[in-house]
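Fold and geometry: a report
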Amino acid sequence: MNKTGIYFAFWEREWEADYCYYIKKAARLGFDVLELAAGCLPEMTKDKRKEIADCARTEGIELTYCIGLPPCYDLAHEDAEVRAQGKDYVKRLLSCIYEMGGKTFGGILYSAWPGRTVTYDYKMQARERSLASLKEIAKVTEDYDIDYCLEVVNRFEQYLLNTAQEGVDFVKELGAPKVKLLLDSFHMNIEEDSLYEAIRTAGDYLGHFHIGECNRKTPGLGRIDWDSICRGLLSIGYQGKIVMEPFIKPGGQVGKDIKIYRDQSDGATEEEMDMLAQNALAFIRSRQKAWEQ
Ligand code: MN
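To start, this report covers the structure provided alongside it. As the structure is a prediction and not an experimental result, all values here were calculated from the model.

Burial in helix α1 (residues 19-29) covers these residues: Tyr-19, Cys-20, Tyr-22, Ile-23, Lys-25, Ala-26 and Leu-29. Residues of α1 that are buried in the fold lie against β2 (33-37), α2 (46-59), β3 (62-68) and α10 (270-292).

Rendered as C-alpha coordinates:
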(Lines give C-alpha, C1' and ligand atoms only; values in the text may rest on other atoms or scores of the structure.)
Protein backbone atom coordinates (compact mmCIF):
# COMPACT_ATOMS: atom_id res chain seq x y z
CA MET A 1 0.00 0.00 0.00
CA ASN A 2 1.17 3.53 -0.73
CA LYS A 3 2.48 5.68 2.08
CA THR A 4 -0.23 8.16 3.04
CA GLY A 5 0.22 11.64 4.40
CA ILE A 6 -1.32 15.01 5.12
CA TYR A 7 -0.31 18.63 4.60
CA PHE A 8 0.41 20.35 7.93
CA ALA A 9 -1.59 23.45 6.87
CA PHE A 10 -4.84 21.55 7.43
CA TRP A 11 -4.48 22.72 11.04
CA GLU A 12 -2.66 26.02 10.49
CA ARG A 13 -3.45 29.57 9.43
CA GLU A 14 0.14 30.57 8.73
CA TRP A 15 2.73 28.83 6.54
CA GLU A 16 5.29 29.08 9.31
CA ALA A 17 4.47 26.70 12.10
CA ASP A 18 5.89 24.42 14.76
CA TYR A 19 6.62 21.57 12.35
CA CYS A 20 7.75 19.16 15.09
CA TYR A 21 4.35 19.53 16.73
CA TYR A 22 2.66 18.45 13.48
CA ILE A 23 5.14 15.61 12.88
CA LYS A 24 4.17 14.16 16.26
CA LYS A 25 0.48 14.71 15.55
CA ALA A 26 0.71 13.02 12.13
CA ALA A 27 2.44 10.00 13.70
CA ARG A 28 -0.14 9.79 16.48
CA LEU A 29 -3.00 9.88 13.95
CA GLY A 30 -1.46 7.01 11.97
CA PHE A 31 -0.03 8.85 8.94
CA ASP A 32 3.22 7.78 7.23
CA VAL A 33 4.02 11.16 5.70
CA LEU A 34 3.76 14.86 6.59
CA GLU A 35 4.09 17.49 3.89
CA LEU A 36 5.71 20.82 4.81
CA ALA A 37 5.89 24.25 3.17
CA ALA A 38 9.33 24.37 1.54
CA GLY A 39 9.31 28.18 1.51
CA CYS A 40 9.96 28.25 5.26
CA LEU A 41 13.19 26.22 5.05
CA PRO A 42 15.72 28.82 3.83
CA GLU A 43 14.78 31.20 6.68
CA MET A 44 15.42 28.57 9.34
CA THR A 45 18.81 27.94 10.91
CA LYS A 46 20.61 24.77 9.90
CA ASP A 47 20.08 23.51 13.47
CA LYS A 48 16.33 24.08 13.22
CA ARG A 49 16.17 22.12 9.95
CA LYS A 50 18.14 19.31 11.55
CA GLU A 51 15.83 19.28 14.57
CA ILE A 52 12.80 18.87 12.29
CA ALA A 53 14.45 16.12 10.21
CA ASP A 54 15.55 14.29 13.38
CA CYS A 55 12.08 14.59 14.89
CA ALA A 56 10.55 13.04 11.74
CA ARG A 57 13.03 10.17 11.84
CA THR A 58 12.27 9.49 15.50
CA GLU A 59 8.52 9.53 14.87
CA GLY A 60 8.77 7.34 11.76
CA ILE A 61 7.34 10.07 9.54
CA GLU A 62 8.62 10.76 6.03
CA LEU A 63 8.67 14.45 5.16
CA THR A 64 7.68 15.73 1.72
CA TYR A 65 7.88 19.37 0.67
CA CYS A 66 5.83 21.66 -1.54
CA ILE A 67 5.63 25.23 -2.71
CA GLY A 68 3.94 27.42 -5.29
CA LEU A 69 6.85 29.64 -6.30
CA PRO A 70 6.16 33.32 -5.44
CA PRO A 71 5.80 35.63 -8.50
CA CYS A 72 9.23 37.22 -7.78
CA TYR A 73 10.77 33.79 -8.55
CA ASP A 74 8.69 33.03 -11.68
CA LEU A 75 10.71 30.51 -13.72
CA ALA A 76 8.69 31.33 -16.86
CA HIS A 77 8.83 35.14 -16.54
CA GLU A 78 9.76 37.24 -19.59
CA ASP A 79 12.40 39.08 -17.52
CA ALA A 80 15.59 36.98 -17.42
CA GLU A 81 16.52 38.55 -14.07
CA VAL A 82 13.32 37.20 -12.44
CA ARG A 83 14.03 33.75 -13.91
CA ALA A 84 17.62 33.89 -12.60
CA GLN A 85 16.34 34.78 -9.11
CA GLY A 86 13.87 31.92 -9.39
CA LYS A 87 16.52 29.38 -10.35
CA ASP A 88 18.73 30.49 -7.46
CA TYR A 89 15.81 30.23 -5.05
CA VAL A 90 14.83 26.75 -6.23
CA LYS A 91 18.42 25.56 -5.89
CA ARG A 92 18.44 26.93 -2.33
CA LEU A 93 15.23 25.04 -1.55
CA LEU A 94 16.61 21.83 -3.07
CA SER A 95 19.75 22.14 -1.00
CA CYS A 96 17.70 22.52 2.22
CA ILE A 97 15.52 19.51 1.30
CA TYR A 98 18.61 17.45 0.51
CA GLU A 99 20.19 18.42 3.80
CA MET A 100 17.05 17.17 5.59
CA GLY A 101 17.09 13.87 3.69
CA GLY A 102 13.99 14.70 1.62
CA LYS A 103 13.18 12.72 -1.52
CA THR A 104 10.05 14.46 -2.81
CA PHE A 105 9.49 18.10 -3.70
CA GLY A 106 6.27 19.11 -5.43
CA GLY A 107 4.15 22.09 -6.39
CA ILE A 108 4.15 24.91 -8.90
CA LEU A 109 7.86 24.53 -9.57
CA TYR A 110 7.81 25.58 -13.22
CA SER A 111 6.41 29.16 -13.10
CA ALA A 112 4.71 31.00 -10.22
CA TRP A 113 1.63 30.86 -8.01
CA PRO A 114 -0.81 32.37 -8.34
CA GLY A 115 -0.30 32.49 -12.09
CA ARG A 116 -0.98 35.68 -14.00
CA THR A 117 -3.90 36.06 -16.38
CA VAL A 118 -2.20 35.72 -19.77
CA THR A 119 -2.99 35.17 -23.44
CA TYR A 120 -2.54 31.84 -25.16
CA ASP A 121 0.43 33.25 -27.11
CA TYR A 122 2.09 34.37 -23.88
CA LYS A 123 1.57 30.92 -22.44
CA MET A 124 3.32 29.22 -25.36
CA GLN A 125 6.34 31.54 -25.01
CA ALA A 126 6.36 31.11 -21.23
CA ARG A 127 6.40 27.34 -21.77
CA GLU A 128 9.69 27.61 -23.67
CA ARG A 129 11.20 29.83 -20.97
CA SER A 130 10.06 27.43 -18.26
CA LEU A 131 11.62 24.47 -20.08
CA ALA A 132 14.91 26.36 -20.34
CA SER A 133 14.87 27.21 -16.61
CA LEU A 134 14.12 23.61 -15.67
CA LYS A 135 16.92 22.26 -17.84
CA GLU A 136 19.31 24.02 -15.47
CA ILE A 137 17.51 22.88 -12.33
CA ALA A 138 17.20 19.27 -13.54
CA LYS A 139 20.90 18.64 -13.01
CA VAL A 140 20.62 19.65 -9.34
CA THR A 141 17.63 17.33 -8.78
CA GLU A 142 19.77 14.45 -10.07
CA ASP A 143 22.76 15.37 -7.88
CA TYR A 144 20.47 15.46 -4.84
CA ASP A 145 18.34 12.47 -5.93
CA ILE A 146 15.13 14.43 -5.27
CA ASP A 147 11.94 13.88 -7.27
CA TYR A 148 10.98 17.34 -8.56
CA CYS A 149 7.25 17.00 -9.16
CA LEU A 150 5.49 19.59 -11.30
CA GLU A 151 1.96 20.04 -10.00
CA VAL A 152 -0.74 20.12 -12.64
CA VAL A 153 -3.31 22.63 -11.37
CA ASN A 154 -6.54 24.23 -12.51
CA ARG A 155 -6.57 27.26 -14.83
CA PHE A 156 -7.61 29.68 -12.08
CA GLU A 157 -4.32 29.11 -10.26
CA GLN A 158 -1.86 28.72 -13.15
CA TYR A 159 -1.99 28.71 -16.94
CA LEU A 160 0.94 26.47 -17.94
CA LEU A 161 0.04 22.88 -16.98
CA ASN A 162 -3.70 22.29 -16.50
CA THR A 163 -4.07 18.64 -17.54
CA ALA A 164 -2.09 15.44 -17.12
CA GLN A 165 -1.54 15.38 -20.91
CA GLU A 166 0.02 18.86 -20.85
CA GLY A 167 2.18 17.74 -17.95
CA VAL A 168 3.36 14.62 -19.74
CA ASP A 169 4.14 16.52 -22.95
CA PHE A 170 6.16 19.00 -20.89
CA VAL A 171 8.25 16.51 -18.88
CA LYS A 172 8.79 14.34 -21.96
CA GLU A 173 10.15 17.32 -23.84
CA LEU A 174 12.37 18.20 -20.88
CA GLY A 175 13.62 14.62 -20.67
CA ALA A 176 15.06 14.81 -17.13
CA PRO A 177 14.78 11.62 -15.01
CA LYS A 178 14.02 13.34 -11.69
CA VAL A 179 11.49 15.84 -13.08
CA LYS A 180 8.08 14.20 -12.69
CA LEU A 181 4.43 15.14 -12.24
CA LEU A 182 2.19 15.80 -9.26
CA LEU A 183 -1.51 15.29 -9.88
CA ASP A 184 -4.11 16.56 -7.41
CA SER A 185 -7.73 15.34 -7.33
CA PHE A 186 -8.99 18.84 -6.46
CA HIS A 187 -7.50 20.30 -9.65
CA MET A 188 -8.24 17.22 -11.78
CA ASN A 189 -11.91 17.54 -10.85
CA ILE A 190 -11.99 20.88 -12.70
CA GLU A 191 -9.86 20.14 -15.76
CA GLU A 192 -9.81 16.43 -16.62
CA ASP A 193 -12.37 14.53 -18.73
CA SER A 194 -11.73 11.43 -16.64
CA LEU A 195 -9.91 11.05 -13.33
CA TYR A 196 -8.98 7.47 -14.21
CA GLU A 197 -7.66 8.29 -17.69
CA ALA A 198 -5.68 11.29 -16.40
CA ILE A 199 -3.78 9.02 -14.01
CA ARG A 200 -3.24 6.52 -16.83
CA THR A 201 -1.90 9.35 -18.99
CA ALA A 202 0.58 10.40 -16.30
CA GLY A 203 1.67 6.75 -15.92
CA ASP A 204 5.34 6.38 -14.99
CA TYR A 205 5.78 10.16 -14.92
CA LEU A 206 3.62 10.40 -11.79
CA GLY A 207 5.99 11.19 -8.91
CA HIS A 208 3.60 12.43 -6.22
CA PHE A 209 -0.14 12.56 -5.66
CA HIS A 210 -2.34 15.02 -3.75
CA ILE A 211 -5.87 14.19 -2.73
CA GLY A 212 -8.70 16.40 -1.61
CA GLU A 213 -12.36 16.85 -2.32
CA CYS A 214 -13.82 19.13 -5.00
CA ASN A 215 -14.42 21.77 -2.28
CA ARG A 216 -11.16 21.03 -0.42
CA LYS A 217 -12.83 19.08 2.38
CA THR A 218 -11.19 15.89 3.65
CA PRO A 219 -11.43 12.86 1.32
CA GLY A 220 -14.76 11.09 1.69
CA LEU A 221 -16.88 14.16 2.46
CA GLY A 222 -17.46 15.40 -1.10
CA ARG A 223 -18.20 13.96 -4.53
CA ILE A 224 -14.79 12.97 -5.92
CA ASP A 225 -15.00 9.52 -7.51
CA TRP A 226 -12.42 7.83 -5.29
CA ASP A 227 -12.83 4.44 -6.93
CA SER A 228 -11.66 5.93 -10.26
CA ILE A 229 -8.65 7.44 -8.48
CA CYS A 230 -7.69 4.23 -6.66
CA ARG A 231 -8.28 2.11 -9.77
CA GLY A 232 -6.10 4.48 -11.81
CA LEU A 233 -3.24 4.47 -9.29
CA LEU A 234 -3.40 0.69 -9.06
CA SER A 235 -3.42 0.23 -12.83
CA ILE A 236 -0.20 2.23 -13.31
CA GLY A 237 1.47 0.47 -10.36
CA TYR A 238 1.95 3.78 -8.54
CA GLN A 239 4.41 3.26 -5.68
CA GLY A 240 4.68 6.88 -4.57
CA LYS A 241 3.11 8.75 -1.72
CA ILE A 242 -0.48 9.96 -1.43
CA VAL A 243 -0.81 13.20 0.52
CA MET A 244 -4.17 14.72 1.42
CA GLU A 245 -4.36 18.48 1.21
CA PRO A 246 -7.64 19.57 2.76
CA PHE A 247 -8.26 23.23 3.62
CA ILE A 248 -11.44 24.03 5.53
CA LYS A 249 -10.73 26.82 8.02
CA PRO A 250 -10.63 30.48 7.00
CA GLY A 251 -8.17 33.03 8.37
CA GLY A 252 -4.51 33.99 8.26
CA GLN A 253 -2.21 33.90 5.27
CA VAL A 254 -3.13 30.28 4.48
CA GLY A 255 -6.83 31.16 4.29
CA LYS A 256 -6.07 34.14 2.05
CA ASP A 257 -3.70 32.33 -0.32
CA ILE A 258 -5.96 29.27 -0.62
CA LYS A 259 -9.13 31.42 -0.81
CA ILE A 260 -10.96 29.83 2.09
CA TYR A 261 -13.87 32.22 2.47
CA ARG A 262 -16.17 30.26 4.77
CA ASP A 263 -15.75 27.92 7.69
CA GLN A 264 -16.23 24.49 6.15
CA SER A 265 -15.22 22.86 9.44
CA ASP A 266 -18.39 23.97 11.28
CA GLY A 267 -16.20 25.53 13.94
CA ALA A 268 -14.31 22.29 14.59
CA THR A 269 -11.94 22.21 17.56
CA GLU A 270 -8.41 20.88 17.11
CA GLU A 271 -9.57 17.49 18.45
CA GLU A 272 -12.39 17.47 15.90
CA MET A 273 -9.92 18.41 13.14
CA ASP A 274 -7.75 15.47 14.23
CA MET A 275 -10.79 13.21 13.96
CA LEU A 276 -11.56 14.48 10.44
CA ALA A 277 -7.99 13.72 9.37
CA GLN A 278 -8.09 10.29 10.94
CA ASN A 279 -11.44 9.45 9.33
CA ALA A 280 -10.12 10.53 5.92
CA LEU A 281 -7.03 8.36 6.39
CA ALA A 282 -9.19 5.33 7.24
CA PHE A 283 -11.43 6.11 4.26
CA ILE A 284 -8.55 6.25 1.76
CA ARG A 285 -6.85 3.14 3.12
CA SER A 286 -10.09 1.15 2.98
CA ARG A 287 -10.66 2.21 -0.65
CA GLN A 288 -7.13 1.21 -1.59
CA LYS A 289 -7.51 -2.16 0.15
CA ALA A 290 -10.80 -2.83 -1.63
CA TRP A 291 -9.21 -2.23 -5.03
CA GLU A 292 -6.05 -4.17 -4.29
CA GLN A 293 -8.10 -7.33 -3.82
MN1 MN B 1 -2.01 20.12 -4.41
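So, next bit.
Attention now moves to the packing of aromatic side chains. In the structure shown here, the tally under the stated rule is 14 aromatic pairs. Relative to Tyr-22, the ring of Trp-11 has its centre 5.8 Å away and its plane inclined at 25 degrees; by these criteria the two rings are stacked. Taken as a pair, Trp-11 in the loop between β1 (4-7) and α1 and Tyr-22 in helix α1 lie far apart in primary sequence, 11 residues in all. Judged on exposure class, the residue Trp-11 and its partner Tyr-22 are both buried. Following the ring pairs from residue to residue traces out a cluster consisting of Tyr-7, Phe-8, Phe-10, Trp-11, Trp-15, Tyr-19, Tyr-21, Tyr-22 and Phe-247. Stacked on the ring of Phe-186, the Lys or Arg Arg-216 has its end atom at 3.9 Å from the ring centre. Of note, Arg-231 hangs over the ring of Tyr-196, and the distance from its end group to the ring centre comes to 4.4 Å.

Below, the discussion takes up the coordination of the manganese ion. Each protein donor to the manganese ion is listed here as Glu-151 (OE), Asp-184 (OD), His-210 (ND1) and Glu-245 (OE); together their distances run 2.1 to 2.2 Å. Look at His-210 and you get buried, because its relative accessible area is 0%.

Over the atoms rolls a probe the size of a water molecule, and its path tells where empty space is left. Taken as a whole, the largest pocket spans an internal volume of roughly 1,000 Å³. As for the largest pocket, its lining consists of 41 residues, of which Trp-15, Trp-113, Glu-157, Asp-257 and Ile-258 are closest to the centre. Contributions of two or more residues to the lining of the largest pocket are made by β3, α3 (80-99), β4 (104-108), α6 (185-191) and α9 (252-258). Grouping the amino acids of the lining of the largest pocket by side-chain chemistry returns 21 nonpolar, 8 polar and 12 charged.

With that settled, consider empty space enclosed by the protein. Going through the model one piece at a time under the given rule, you end up with 1 cavity of 30 Å³ or more. Approximately 30 Å³ is the volume found for the largest cavity. Around the largest cavity sit Ala-9, Phe-10, Glu-12, Phe-247, Ile-248, Lys-249, Val-254 and Ile-260, which together line it. Classifying every residue of the lining of the largest cavity gives 6 nonpolar, no polar and 2 charged.

This brings us to the environment of Arg-262. Within the secondary structure, Arg-262 sits in the loop between α9 and α10. What makes Arg-262 exposed here is its relative accessible area of 51%. Sequence separation of Arg-262 and Lys-249 is 13 residues, and the distance between their C-alpha atoms is 7.2 Å. Those residues in contact with Arg-262 that lie beyond four places of it in its chain are Ile-248 and Pro-250.

Okay, the side chain of Lys-249 next. Following the sequence through the fold, Lys-249 ends up in the loop between β8 (242-244) and α9. Despite its burial, Lys-249 remains without a salt bridge, the nearest opposite charge being carried by Asp-263 at 4.3 Å. A distance of 3.0 Å separates polar atoms of two side chains, one belonging to Lys-249 and the other to Ser-265. Here the side chain of Lys-249 touches Ala-268 through a polar contact of 2.9 Å, landing on its backbone oxygen. Leave out the neighbours within four places in its chain, and Lys-249 touches Arg-13, Ile-260, Asp-263, Ser-265, Gly-267, Ala-268 and Met-273.

What follows concerns the pattern of salt bridges. Tallying each qualifying case throughout the model produces 24 salt bridges. We note a salt bridge from Glu-136 to Lys-87, for which the minimum N-O separation is 3.1 Å. Pair noted here: Glu-136 is in helix α4 (residues 120-144) and Lys-87 is in helix α3, with a separation of 49 residues, a long-range link. Of the residues examined, Lys-87 reaches a relative accessible area of 14% and is grouped as buried. Two residues, Asp-147 and Lys-178, come together in a salt bridge whose shortest N-O distance is 3.0 Å. With a gap of 31 residues between them, Asp-147 in strand β5 (residues 147-151) and Lys-178 in the loop between α5 (164-174) and β6 (179-184) connect regions that are remote in the sequence. Overall, the relative accessible area of 16% leaves Lys-178 in the buried class.

Rules of the game
- Residues numbered from 1 in each chain as written.
- Predicted model: local features only at pLDDT ≥ 70, side-chain atom pairs only at ≥ 80, totals over all residues.
- Heavy atoms only, no water.
- Buried < 20%, exposed > 50% of the residue type's maximum accessible area, 1.4 Å probe, protein only.
- Helix = DSSP H or I, 4+ residues; strand = E, 2+ residues; numbered from the N terminus.
- Contact = heavy atoms within 4.5 Å.
- Phe/Tyr/Trp six-rings, centres within 6.5 Å; stacked < 30°, edge-to-face > 60°.
- Lys NZ or Arg CZ within 6 Å of the ring centre and 35° of its normal.
- Donors = N, O, S within 2.8 Å, 3.2 Å for Na, K, Ca; no water.
- 1 Å grid on protein atoms, 1.4 Å probe; cavity = no way out; pocket = protein on both sides within 12 Å on 5 of 7 lines; lining within 4 Å.
- Points joined across faces, edges and corners; volume = space filled by probe spheres on them.
- Nonpolar A, V, L, I, M, F, W, Y, C, P; charged D, E, K, R; others polar.
- Lys, Arg positive; Asp, Glu negative; His and termini not counted.
- Salt bridge = Lys/Arg side-chain N within 4 Å of Asp/Glu carboxyl O.
- Polar contact = N/O pair within 3.5 Å; in protein donor to acceptor, adjacent residues only side chain to side chain.

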